[in-house]
Amino acid sequence: MKFMKLGSRPDTFFTTEAVRSVSSEILSDLIVQVKGSRYLLHKFPLLSKCLRLQRLCVDKTSQHQIVQLPDFPCGIEDFELCAKFCYGITITLSAHNIVSVRCAAEYLQMTEDVEKGNLICKLQVFLNSCVLSGWRDSIVTLQSTKAFPLWSEDLGITSTCIEAIASKVLAHPLKMNLSHSYSRRDDISCNGSQSLRHNKPLSKDWWADDLAELSIDLYWRTMIAIKSGVKVPAGLIGDALRIYASRWLPHISKYANLESKHSDSDSIGKYRLLLESIISLLPTERGAASCSFLLKLLKAANILKASSSSKMELVTRVGLQLEDATVGDLLIPCVSKTSDTIYDVDIVMTILEQFMLQGQSPPTSPPRMKGDFVRRRSRSAENIDLEFQESRRSSSASHSSKLKVAKLVDGYLQEIASEEKLPLSNFIFIAEAIPKFARLDHDDLYRAIDIYLKGHPGLNKNERKRLCRMLDCKKLSMEVCMHAAQNELLPLRVVVQVLFFEQARATMSGGHITELPSHIKALLANHDDISKTSASFKMTPADDQWSASGKLSTLKNEDLDENYVDGNGTSSRIKASCIFPSRPKRMFSKLWSSNRSVASEKN
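Residues numbered from 1 in each chain as written. Predicted model: local features only at pLDDT ≥ 70, side-chain atom pairs only at ≥ 80, totals over all residues. Heavy atoms only, no water.

Engineer: Help me understand the overall build of the chain, please; the structure alone is not making it clear to me.
Structural biologist: When its secondary structure is counted, the chain shows 29 helices and 12 strands. For the chain, the proportion of its 603 residues judged to be buried stands at 48%. (Helix = DSSP H or I, 4+ residues; strand = E, 2+ residues; numbered from the N terminus. Buried < 20%, exposed > 50% of the residue type's maximum accessible area, 1.4 Å probe, protein only.)

Dropping the structure here:
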């Protein structure tokens, strides 16, 4: 910390009965009242340097002139430092008190017009030549302006500090021969003496930790100045914002579903302003801020009820790099009073839409001709989010990113599928938001569907059909097929498809096919051809456990709610589907020929 000493006389101020006086052979002739304190001083040393006191002391004949300073902007210690300077008493100035003393001197009008070498001039020289030349001193000085915002702005101290800090970052954004904090060094005197110091290497974001100490208004202005230099990589800006957010937004989850109390409402408003300021500082470059950080901001925005524009900006940015997210990142708590779900599914649906918009035609595409009319997009539509549209066109979602997002979506569906209030339409929308080619296998999707069926036993036949329609049985592994063949929660058509493709796969590989599940055999018991075929199957036990969120979930057998059952106890839909037409029957006879021959030999 750099410091400066002014004056050479010893300190002779003392206190008697709550009155501050100065030891002198000359009787005091000036009483100054400031901030509830009283000072017994002398006119000559003070009036010779303070123009305001000169103007207030109109009666020069009074033995004890009383001057009141009701609007003095600083503390009594700052007035006392100015008074000691007038007496020539030694005072010490540093980054911690230079702003307050400078404001006090400005109030007392201690200018060069009153006396050469007055306090304001010395303070200005010390500020510009010593304090602002150091990194840590500049930070401390800028922080101290918060106590005197109007005076600091009028005097240009705030803007000068911000410019000094930004210039240091812009000079060497990746490396800087400055220690992390001047507070770790020995004191450096601007009067000539300087102690030895040893610098140690810094990380690339050495400046972000120190800037994180600033209040949001000063931080925002400083970051704007740094970003305007165009020398700091966007990734460093993103890292700095992450550090600042982790410093000031660590425990905002306590404000979720908080009733409107006045004190809590003030805290929410403060944090909301801070969050929206951070969002406004995010670089436009894709990947400048990690997807995990953006989703944490989105969770905070939900809790703090940030503006819709702030949320939408985060959603758009997340959509551009969704492949880097994890399932835990997407579990955004829902704080809406109109929704009973634990997680905000709607916002994830919007994120998926933004992800799939990448690489689509820009809104300024040529007009399409139809008859004698020219169809154009509206001007307002063409001007929406042009910056992000440009980013989408330059970073179209690649094939590999869609594969990653498909795995991410299936994992997310498994996490939310057990929610009782989750609408079926939302589940299906999320599952179908990913193109079919992106799912190389449907095992995770099957697990998600299975969890949803267990968590929603009230689904009717048509709803279960809608849910399972997006399942591709050809993309299920053998283990999952074994599980699906015995899953009585699935529509019977899906079970038959699973058995068909498993039979075809086993036949091609020369494998052995297991016996039909008991509930399928019961439904097909009245059909001789099918029952003979099913007799050749031999059942093997299959593991009936699936992992969902780290916990084992055991299947529970429920009666299938299929179509109408006739007087013989057989479903009419099963009759229609199992009395196969000639072509499917020939297909099955070919696939099951080996099993029939084995059955005939046994008979």
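Now that the structure has been shown, we can carry on.
Engineer: How should the packing of helix H19 (residues 399-416) against helix H20 (residues 424-432) be read in this particular structure?
Structural biologist: A pair of packed helices can be characterised by two numbers: the angle between their axes and the separation between those axes. At their nearest, the axes of H19 and H20 sit 9 Å apart, and the two run at 165° to each other. It follows that H19 is roughly antiparallel to H20 by the angle criterion. Like other packed secondary-structure pairs, H19 and H20 cross with a definite hand, here left-handed. Facing H19, whose interface residues are Val-409, Tyr-412, Leu-413 and Ile-416, H20 presents Phe-427, Ile-430 and Ala-431. Classifying every residue of the contact of H19 with H20 by side-chain character gives seven nonpolar, no polar and no charged. (Axes fitted to C-alpha atoms, helices over the stretch in contact; angles between N-to-C directions. Parallel < 35°, antiparallel > 145°, perpendicular 65-115°, else oblique. Left-handed = near helix turned anticlockwise from the far one by under 90°. Contact = heavy atoms within 4.5 Å. Nonpolar A, V, L, I, M, F, W, Y, C, P; charged D, E, K, R; others polar.)

Engineer: Explanation requested: the pairing of strand S4 (residues 30-34) in the structure shown.
Structural biologist: Regular strands show a simple pattern: their side chains alternate between the two faces of the sheet. Counting buried residues along S4, four of its five residues qualify, which places the element largely inside the surrounding structure. The turn linking S4 back onto strand S5 (residues 37-41) is made up of two residues, and Lys-35 within it adopts a positive phi angle of 55°. The pairing of S4 with strand S6 (residues 65-68) spans four bridges and is classified as parallel. Counterpart to Ile-31 in the pairing with S6 is Ile-66. (Pairing = 2+ DSSP bridges.)

Engineer: Looking at this structure, how should I read the packing of aromatic side chains?
Structural biologist: Centre-to-centre distance and the angle between the planes together describe a pair of aromatic rings. Within the structure shown, the criterion is met by nine aromatic pairs. Ring plane angle 40° and centroid distance 4.8 Å describe the contact between Phe-427 and Tyr-452, whose orientation is recorded as tilted. Residue Phe-427 is located in helix H20, and its partner Tyr-452 is located in helix H21 (residues 443-455); the two are separated by 25 residues in the primary sequence. Judged by relative accessible area, Tyr-452 falls into the buried class, the value being 1%. What links up through ring pairs into an aromatic cluster is the set Tyr-39, Phe-72, Phe-79, Tyr-107 and Trp-151. The side chain of Lys-84 reaches across the aromatic face of Phe-13, ending 5.7 Å from its centre. The cationic tip of Lys-270 hangs over the ring face of Tyr-271; the distance from NZ or CZ to the ring centre is 5.0 Å. (Phe/Tyr/Trp six-rings, centres within 6.5 Å; stacked < 30°, edge-to-face > 60°. Lys NZ or Arg CZ within 6 Å of the ring centre and 35° of its normal.)

Engineer: Help me understand unusual backbone geometry, please; the structure alone is not making it clear to me.
Structural biologist: Working note: non-glycine residues mostly have negative phi, and peptide bonds are mostly trans. Phi at Ala-18 takes a positive value of approximately 65°, unusual for a residue other than glycine. As for its position among the elements, Ala-18 is in the loop between strand S2 (13-16) and strand S3 (19-22). Phi at Lys-305 is positive, roughly 55°, even though this residue is not glycine. Its place among the elements puts Lys-305 in the loop between helix H13 (291-304) and helix H14 (308-320).

Engineer: Before we go on, may I ask you to explain the layout of surface pockets in this structure?
Structural biologist: Which parts of space are left empty comes out when a probe the size of a water molecule is rolled across the atoms. Taken as a whole, the second largest pocket holds about 310 Å³ of empty space. Looking at the lining of the second largest pocket, the elements with two or more residues in it are helix H11 (234-248) and H13. When residues of the lining of the second largest pocket are assigned to their parent elements, the largest contribution, seven residues, is made by H13. Classifying every residue of the lining of the second largest pocket by side-chain character gives eight nonpolar, five polar and three charged. (1 Å grid on protein atoms, 1.4 Å probe; cavity = no way out; pocket = protein on both sides within 12 Å on 5 of 7 lines; lining within 4 Å. Points joined across faces, edges and corners; volume = space filled by probe spheres on them.)

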